[in-house]
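Each chain is listed here by its residues.
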Amino acid sequence: MQKSDLIEKIAGDAGISKAAADRALKSLLDSVTQALKNGDRVSLVGFGTFSVSKRSARTGRNPQTGETISIKASKAPKFSAGKSLKDAVNK
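The rules behind each value
- Residues numbered from 1 in each chain as written.
- Predicted model: local features only at pLDDT ≥ 70, side-chain atom pairs only at ≥ 80, totals over all residues.
- Heavy atoms only, no water.
- Patch = residues over 30% accessible without salt bridge, like charges linked within 9 Å, V, L, I, M, F, W, Y side chains within 5 Å.
- Areas by Shrake-Rupley, 256 points an atom, 1.4 Å probe, with all protein chains shown as cover.
- Salt bridge = Lys/Arg side-chain N within 4 Å of Asp/Glu carboxyl O.
- Helix = DSSP H or I, 4+ residues; strand = E, 2+ residues; numbered from the N terminus.
- Buried < 20%, exposed > 50% of the residue type's maximum accessible area, 1.4 Å probe, protein only.
- Pairing = 2+ DSSP bridges.
- Axes fitted to C-alpha atoms, helices over the stretch in contact; angles between N-to-C directions.

A. Just a nonpolar patch on the surface, in detail. Residues Leu44, Phe47 and Phe79 make up a contiguous nonpolar surface patch of roughly 250 Å² in combined accessible area. You can see Leu44 is positioned in strand 1 (residues 42-44). The class of Leu44 is partly exposed, set by a relative accessible area of 35%.

Given below as structure tokens:
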């Protein structure tokens, strides 16, 4: 499913225009993004939790040359599926 398909589904289920569904989806995604930028977690009960995972600095190897390189510490978005979502997928 692509974003346009999701917008169409939201519009049909909620009985609103596609433009309104697009604005609602954009607002949701922007809100989740901003919360993660601020270091917050976003929990949607029954669906899952969005959070930020911290990766520490480490050393690695360049696969072409075998040279040792240093990899900087970083942050990455993480999603943990909730029980209801896991159950729905496993049926």
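B. View of the pairing of strand 3 (residues 58-61). Note: strand 3 against strand 4 (residues 68-71), four bridges, orientation antiparallel. Bridge assignment links Gly60 to a residue of strand 4, and that residue is Ile69.

C. Quick peek at the sheet that holds strand 1. Strand order in the open sheet formed by three strands is 1-2-5, with antiparallel pairing between adjacent strands. Where the open sheet ends on each side, the last strands, each with one partner, are strand 1 and strand 5 (74-81). Geometrically, the sheet is characterised by an average inter-axis angle of 30° between neighbouring strands, direction not taken into account. Alignment of strand 2 (residues 48-55) against strand 5, held across eight bridges, turns out to be antiparallel.

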